[in-house]
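Report on the structure
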Amino acid sequence: MRWAAAVVGLALTTLLVLLARDHVGTPTLALEHPEANAFVRLEFELRPAGPVKDLVLAIALPTDLPGRQTVLELDATHPMREVRTARGNRIGRVVLPEVSDRTTVTVEAELRVHPFDLAARPVAPPLGTADRVRALGAESGLEADHPEIVALEEGIEGERLAWIEAALARVHDHVRYQGYVGSRPGALATLRSGEGDCSDQTDLLVALCRAGGVPARHAYGLELRGRTTNRHSWAEIAHPDGG
């Protein structure tokens with residue numbers, strides 16, 4: 001069983017590069033693309049109400065993915081120490097001894113994105129037992145066992161791909177897209193409000209899949225358009241034909 005990507009929310013016309021995040025797992029490319037250079041700019045503006053000492057900022061960084069992308073250059077406005085998580089994700093730690101005024105920390109990266117054929121190659125390694133159990137369970141913000149989520153899943157039918165398409169359509173039928181408003185309420189609150197951004201719609205789709213016994217997880221990354229970088233979320237859903 002392998003992961004496949006289902007994109008919700010934004011209409012994407014170029015490519016997605018997934019930044020390393022612990023809850024995501026293996027970083028993947030979500031769309032086909034030609035070989036090209038991509039430019040990523042991450043900017044963090046700090047506005048403390050008063051002096052803050054020993055502030056630590058942990059930043060998820062792009063990483064080399066053999067055959068998929070190569071990080072050519074990485075620069076930061078402040079000294080940064082890189083560490084690797086247990087999952088192999090790349091994290092930059094910036095320590096600010098004292099912050100009293102508005103401070104901006106910027107990280108810029110240039111990546112070479114290699115040709116990637118989704119039809120010919122899997123987007124992630126086979127799904128192991130532990131990952132499968134985790135990708136089927138209910139958790140905070142992914143309330144797969146809540147009666148309202150279970151009721152939303154009822155009536156969805158079809159083989160795996162057809163089932164996923166029907167689940168995605170049901171999310172779009174119940175949730176109107178709304179731009180980011182500064183919070184991530186979770187699947188249940190999104191269903192009740194009937195509106196949400198790509199993260200909210202992804203949470204609901206993931207919870208819906210899990211309620212139907214289909215392993216799924218929330219993926220988070222960047223939409224790259226030339227030198228413009230937009231944050232984006234999508235669902236990774238396990239497909240049984242991958243092994």
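Source: prediction; values computed, not measured. (Residues numbered from 1 in each chain as written. Predicted model: local features only at pLDDT ≥ 70, side-chain atom pairs only at ≥ 80, totals over all residues. Heavy atoms only, no water.)

So, about the overall build of the protein chain. Tallying secondary structure elements over the protein chain gives five helices and twelve strands in all. Buried residues in the protein chain amount to 44% of all 243 residues. Taking the intrachain contacts of the protein chain between residues at least 6 apart in sequence as the baseline, contacts between residues at least 24 apart amount to 73%. Summed over its atoms, the accessible surface of the protein chain is roughly 11,900 Å², and 50% of this surface lies on carbon and sulfur atoms. (Helix = DSSP H or I, 4+ residues; strand = E, 2+ residues; numbered from the N terminus. Buried < 20%, exposed > 50% of the residue type's maximum accessible area, 1.4 Å probe, protein only. Contact = heavy atoms within 4.5 Å. Areas by Shrake-Rupley, 256 points an atom, 1.4 Å probe, with all protein chains shown as cover.)

With antiparallel pairing, three strands are arranged side by side in an open sheet as β4-β7-β6. Where the open sheet ends on each side, the last strands, each with one partner, are β4 (52-60) and β6 (81-84). Each adjacent strand pair in this sheet contributes to an overall mean axis angle of 30 degrees, direction not counted. Of the strand pairs in this sheet, β4 and strand β7 (residues 90-99) are connected by eight bridges, and their pairing is antiparallel. By the bridge assignment for β7, Val 56 is matched with Val 95. (Pairing = 2+ DSSP bridges. Axes fitted to C-alpha atoms, helices over the stretch in contact; angles between N-to-C directions.)

Now for the pattern of salt bridges. In this structure the tally under the stated criterion is ten salt bridges. Note that Glu 148 and Arg 192 form a salt bridge whose closest N and O atoms lie 2.7 Å from each other. Linking Glu 148 in helix α2 (residues 147-153) with Arg 192 in helix α4 (residues 187-193), this pair joins segments that are 44 residues apart in sequence. Salt bridges linked by common partners bring Arg 41, Glu 43 and Glu 108 together as one network. (Salt bridge = Lys/Arg side-chain N within 4 Å of Asp/Glu carboxyl O.)

Although it is not a glycine, Asp 54 sits at a positive phi angle of roughly 50 degrees. Assignment of secondary structure puts Asp 54 in strand β4. The exposed category is assigned to Asp 54, whose relative accessible area is 56%.

Turning our attention to the environment of Arg 192. With relative accessibility at 53%, the residue Arg 192 sits in the exposed group. Separated by 18 residues in the primary sequence, Arg 192 and His 174 place their C-alpha atoms 9.0 Å from one another. Other than its neighbours up to four places away in sequence, Arg 192 contacts His 146 and Glu 148.

On to the sheet that holds strand β5 (residues 69-76). The strand order across the open sheet built from three strands is β3-β8-β5, with neighbouring strands paired in antiparallel fashion. In the strand order of this sheet, the two ends are held by β3 (36-46) and β5, each with one partner. With direction set aside, neighbouring strand axes in the sheet form an average angle of 20 degrees. Where β3 lies against strand β8 (residues 103-113), eleven bridges are found, and the strand directions are antiparallel. Counterpart to Ala 38 in the pairing with β8 is Leu 111.

What follows is about helix α5 (residues 198-211). With 14 residues, α5 ought to run about 20 Å at 1.5 Å a step, and its terminal C-alpha atoms sit 20 Å apart, in line with that. Judged by how many residues are buried, α5 sits mostly within the fold: 13 of 14 residues are covered. The opening residue of α5 is Asp 197, an N-cap whose side-chain oxygen sits 3.1 Å from the backbone nitrogen of Ser 199. Following α5 by one or two positions, Gly 213 has its phi on the positive side, about 80 degrees. (Expected span 1.5 Å × (residues − 1). Polar contact = N/O pair within 3.5 Å; in protein donor to acceptor, adjacent residues only side chain to side chain.)

Mean pLDDT over the protein chain stands at 79; residues scoring 70 or higher make up 76%. When mean pLDDT is taken per element in the protein chain, α2 scores highest with 96 and strand β2 (residues 15-17) scores lowest with 34. (pLDDT = per-residue confidence, 0-100.)

The next thing to look at is helix α3 (residues 160-174). Because the α-helix completes a turn every 3.6 residues, residues three or four places apart line up on one side. Between the first and last C-alpha of α3 there are 21 Å, a value that for 15 residues agrees with the 21 Å anticipated at 1.5 Å per step. Every buried residue belonging to α3 is among Trp 163, Ile 164, Ala 167, Leu 168 and Val 171, and all of these are buried. Take α3 and look down its axis: the buried residues cluster within an arc of 135 degrees, on one side only. Counted as exposed and oriented over 90 degrees from the buried face of α3: Glu 165 and Asp 173. (Arc of directions from axis to C-beta.)

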